[in-house]
Amino acid sequence: MNDDGTQDARGTHANPVPRPADPPDIPATPPRPARAPGTPPPPQQSPVTAWLDEERPAARPGIWRFGHRPKEIRERIAPVTVAGMFIPVVLALGVWSLWSSGYFPYKGTLFRMFTPDDWWYELSLVPRPVEGRTVTLPGEHARLVADGLLFGALVFGVGVLGSWRAIVRHYMNRLPRPTQLLISGCLALLILSFVFPDAFPGLGWFELPVLVPLLSLTALITDSYEPMSSAFFTYSLYTVVTLLVLWPFARLGGWLPYAKALFAPPPTGTAVGKTAFDRPRSQWPALHDAGQHEAAEVLTAEVNEGRANDVDCARIEHAFAVARRGATLAAFSDTVLRQGGAAWTHPSGARDLPHRTARHDLLAGQVRIGRWVAAERAPQPYHDAGAALGPDVLGTSLLAIGPSGSGKTRTLVEPVTEALALQALTGRCAVVAVSAAGNPLGRDDAFDVIVRIGDPSSVHDLDPYAESDDPDEAAAILAEALTGDLDTVGTQGATTALAQLLGPFRAVRGRFPTLPELRELLEGDEGTLTPLREALASSGNDVMRRELDARLRQTGTLGDPGQLLADRLALLNRPVFTDFFGGGGPSRPFSLRAVAHHPLRVRIDLPEHGHEEAGRLITRLVLAQFHAVVRESRRTHFACLVLDDATDTVTAESVRRIQRLRSQNAGVLLTLRTVGDVPEALHGPLYGAVGCRMAFSGVTTWDGNRFAQTWGTEWVETTEIAKHTVFADQPMTRFLHALRKWLTGKAVTTDAVTVKQVERERWSASELAHSVPPGHAVLSLTDVKGEHAPPLLVDLRG
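Everything quoted here is computed from the prediction, not taken from an experiment. (Residues numbered from 1 in each chain as written. Predicted model: local features only at pLDDT ≥ 70, side-chain atom pairs only at ≥ 80, totals over all residues. Heavy atoms only, no water.)

(A) Seen up close, helix α20 (residues 526-539). The terminal C-alpha atoms of α20, which comprises 14 residues, lie 20 Å apart, in line with the 20 Å expected from a rise of 1.5 Å per residue. If you follow the buried residues of α20, they end up packed against α18 (491-509), α19 (515-522) and α21 (542-554). Following α20 by one or two positions, glycine 540 has its phi on the positive side, about 75°. (Helix = DSSP H or I, 4+ residues; strand = E, 2+ residues; numbered from the N terminus. Expected span 1.5 Å × (residues − 1). Contact = heavy atoms within 4.5 Å.)

This is the structure we're talking about:
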């Protein structure tokens, strides 16, 4: 990036792109911080420091991440759920009261069914001594075991039927981790005080039937009291009971994960001082982790003292990522120590735009365009969150449709172009913006190359062949621009006709013809074709001579595309365009192929009013060149083409190529006043080719119908309430109903509630045409990873 950014453009080496003057007061070598590496920096801060340290949590596509605070989705518990919690408790208390007071039905029958009859006195549940047993009153122990079994069954039933586990988890998850630990620990301590009341004097009010039933069960099984006299057995039983009581509370409070995180050993190989304090992003922790402590200290001082802005930080982070992948960290550190925040400055010398109109976050690569409206159909994460766009979603291309005055340029095209220009200064992006006639996008000093077609004062000219050396590729680019919007002439036939002329001409002259020369060749001018054929024959180039002869035989025949191509070229052969498209004027030729190799900022201004058809042809030419140049280079930066007015620009071939841009690290932004500006046969393919679609306020129902078909349907739950009149059979009931109708004036009815799942359009054509307020738009997004955001309403003024 130490060149002028256009080394691949024809004729641009001698006269590089003009560069702004270097920023003042930047020392050749940045001052070094006078403190040891690893020690905390002084508390001095700059606005860039606060910007760097702001949180940028991961979010769904289209959400403004800078300072975003994800809203916690809190589900309200329905009253029927609350009632379902406590009804099992009341029933369990009733059952336990009947059992403990001896009024439980068939209690005696149950005991006599599972125990010997000689354990009880006749016709009662009073235990009696049993001769020959060490445990003289086994019936008493059986009653205690039955109490424990019933208590356990009631606790299990209450927990399952009342959904206590899910409900308690619902509320606990809303609390911070320390609060969860405290609450679960207190609950565990409270239950343990009821299980072991003697161990918690003054806290345990009563004893739960847990420990005594276990001891009674042991006495019945062993027919002896000796195990209870063993300290080992007793304390082992106490330990098991304690662990069983603590286990559900440990799961509730997440004790085990917390303990693992608390006692986990520190990771090996950490940087010096890493654990001494938590480094924010403004102290460049990634550089410390990589061992580049001195470079990190220099950059920290640059940021804190205000010598580096947000563009510098994003640019250096990008350079660090490239150096880490290429294992050139030593060279990276050396450059930072020598240049500080000015390292890897853009070839233009600019470190910021002269003027910004939108909010940008260069670390996340986003520009804020509005606010997601908290509508009913919007998912909870999008409620009142900022709406933003970036290369992650522009990489799938964006189609925006809205009438004139709906704000497409002001609220979408200009912010996106400005964001891409800023990211170009960081080395991450190249942008080509094609302005509508008479409406330039951005200020002139925000771009490296400005091509003003038809303006004699333009510094640069547009190479119509995109600096191609292949006659077939150059012919395909021109054919797409000249005949891509026509149904009468196939693009393949036009490409063949142009290639049959471009190849022989280049073989003789060493260059491609200018547009006036190409028009003469297409018209079959003998004064141009005859010398060309003679030169080919004298040079012995039989291959190109046969190509030219084939073109000559086809000239003037039925179906010959030559004359139509010549007529289309006549639109660019006007006096106002004499010095352009390689016509030999003072403007320096610029090739769009340069954006595939350098993070350039290019703006192309279409000719003023009176040349609308020529402007559309130029737009198709730029689109065809962009598709040709981005597919052949292995670049790391994102390339984006912005078309402020894509009327009559979209062709069948361009739609096919737009689909492939995602894999080529490129994208396009197209704006239309109506989908009718695209041939009807391409409506469906165009909507399917782009991943992001935007409908502005004021679209017609015809345009809205295309969006509705593309966005499809969703399943929603609907509730229908029907009132049915009650007809009574009994005389008394009929009298009461008549009296009620006489008093209220309404017949007695019952409500029939029907809840069902129905399939409904996400946005209907009528809603898009009549329900989108001014200053709003409906936007759906898809990022390059395939994650989707449904069509949602965006307030472009928020």
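(B) Geometry of the side chain of glutamate 480. Examined against the element boundaries, glutamate 480 turns out to sit in helix α17 (residues 471-483). One buried charged residue, glutamate 480, forms no salt bridge at all, with the nearest opposite charge on arginine 657 at 6.1 Å. The residues contacting glutamate 480, other than those within four sequence positions of it, are Thr491, Arg620, Ala624, Thr651, Glu653 and Ser654. (Buried < 20%, exposed > 50% of the residue type's maximum accessible area, 1.4 Å probe, protein only. Lys, Arg positive; Asp, Glu negative; His and termini not counted. Salt bridge = Lys/Arg side-chain N within 4 Å of Asp/Glu carboxyl O.)

(C) Representation of the layout of surface pockets in the model. Considering only enclosed or pocket space, the largest pocket measures out at about 2,100 Å³ in volume. Together, 40 residues line the largest pocket, and Val155, Phe156, Ile191, Pro248 and Phe249 are the ones closest to its centre. Elements represented by at least two residues in the lining of the largest pocket include exactly α2 (79-101), α4 (138-161), α5 (164-172), α6 (177-195), α7 (211-222) and α9 (231-253). Here the lining of the largest pocket takes 11 residues from α4, the largest share from any one element. A breakdown of the residues in the lining of the largest pocket according to their chemical character gives 33 nonpolar, three polar and four charged. (1 Å grid on protein atoms, 1.4 Å probe; cavity = no way out; pocket = protein on both sides within 12 Å on 5 of 7 lines; lining within 4 Å. Points joined across faces, edges and corners; volume = space filled by probe spheres on them. Nonpolar A, V, L, I, M, F, W, Y, C, P; charged D, E, K, R; others polar.)

(D) Up close: the environment of leucine 189. As for its position among the elements, leucine 189 is in helix α6. What makes leucine 189 partly exposed here is its relative accessible area of 41%. In the structure, leucine 189 is positioned 57 residues away from leucine 246 in sequence and 8.6 Å away in space, judged by C-alpha atoms.

(E) Fine view of the packing of aromatic side chains. Following the criterion strictly, the structure yields 12 aromatic pairs and no others. Aromatic side chains phenylalanine 196 and tyrosine 238 sit 5.5 Å apart centroid to centroid with 70° between the ring planes, which places their arrangement in the edge-to-face category. In this pair, phenylalanine 196 is assigned in the loop between α6 and α7 and tyrosine 238 in helix α9, connecting sequence segments 42 residues apart. Between tyrosine 235 and tyrosine 238, the ring centres sit 6.2 Å apart and the planes meet at 90°, which makes this aromatic pair edge-to-face. Taken together, the positions of tyrosine 235 and tyrosine 238, both in helix α9 and three residues apart, correspond to about one turn of that helix. A residue is classified by how much of its surface remains accessible, and tyrosine 235, at 57% relative accessible area, is exposed. On the basis of relative accessibility, which here comes to 28%, the residue tyrosine 238 falls in the partly exposed class. In this structure an aromatic cluster arises from ring pairing among Phe196, Tyr235 and Tyr238. A cation over a ring is seen here: arginine 56 above tryptophan 51, with NZ or CZ 5.0 Å from the ring centre. Its end group placed over the ring of tryptophan 763, arginine 377 keeps NZ or CZ at 4.1 Å from the ring centre. (Phe/Tyr/Trp six-rings, centres within 6.5 Å; stacked < 30°, edge-to-face > 60°. Lys NZ or Arg CZ within 6 Å of the ring centre and 35° of its normal.)

(F) The pattern of salt bridges, seen in detail. Counted according to the given criterion, the structure contains 37 salt bridges. Here aspartate 448 and arginine 601 are joined by a salt bridge, their closest N and O atoms 2.6 Å apart. Here aspartate 448 is found in the loop between β5 (429-435) and β6 (449-452), whereas its partner arginine 601 is found in strand β9 (residues 601-605), with 153 residues between them in sequence. In this structure, glutamate 714 engages arginine 762 in a salt bridge whose closest nitrogen and oxygen atoms are separated by 3.6 Å. In this pair, glutamate 714 sits in strand β13 (residues 713-725) while arginine 762 sits in the loop between β14 (749-761) and α28 (765-770), placing the two residues 48 residues apart along the sequence. Residue arginine 762 is classed as partly exposed on the basis of its relative accessible area of 25%. Ionic contacts of the salt-bridge type, sharing partners, join the residues Arg371, Asp384, Asp795 and Arg797 into one network.

(G) The pairing of strand β4 (residues 398-401), seen in detail. Here β4 shows a buried face lined by Leu398 and Ala400 and a second buried face lined by Leu399 and Ile401. By the bridge criterion, four bridges tie β4 to strand β11 (residues 666-672) in an arrangement that is parallel. Of the residues in β11, the one forming a bridge with leucine 399 is leucine 670. Bridging between β4 and strand β12 (residues 692-696) involves four bridges; their strand directions are parallel. Residue pairing for β12: leucine 399 is matched across the bridge by arginine 693. (Pairing = 2+ DSSP bridges.)

(H) View of α17. For α17, built from 13 residues, the straight-helix expectation of 18 Å at 1.5 Å per residue is met to within 8% by its first-to-last C-alpha distance of 17 Å. Across the 13 residues of α17, 11 count as buried, placing the element largely inside the fold. Capping the start of α17 is the job of one residue whose side-chain oxygen sits 3.2 Å from the backbone nitrogen of aspartate 472: aspartate 470. (Polar contact = N/O pair within 3.5 Å; in protein donor to acceptor, adjacent residues only side chain to side chain.)

(I) Inspection of the packing of α17 against helix α23 (residues 612-630) at higher detail. At their nearest, the axes of α17 and α23 sit 7 Å apart, and the two run at 145° to each other. α17 and α23 meet at a crossing whose hand is right-handed. Residues Glu473, Ile477, Leu478, Glu480, Ala481 and Leu482 of α17 form the contact with α23, whose participating residues are Leu617, Arg620, Leu621, Ala624, Gln625 and Ala628. In terms of residue class, the contact of α17 with α23 is made up of eight nonpolar, one polar and three charged. (Axes fitted to C-alpha atoms, helices over the stretch in contact; angles between N-to-C directions. Left-handed = near helix turned anticlockwise from the far one by under 90°.)

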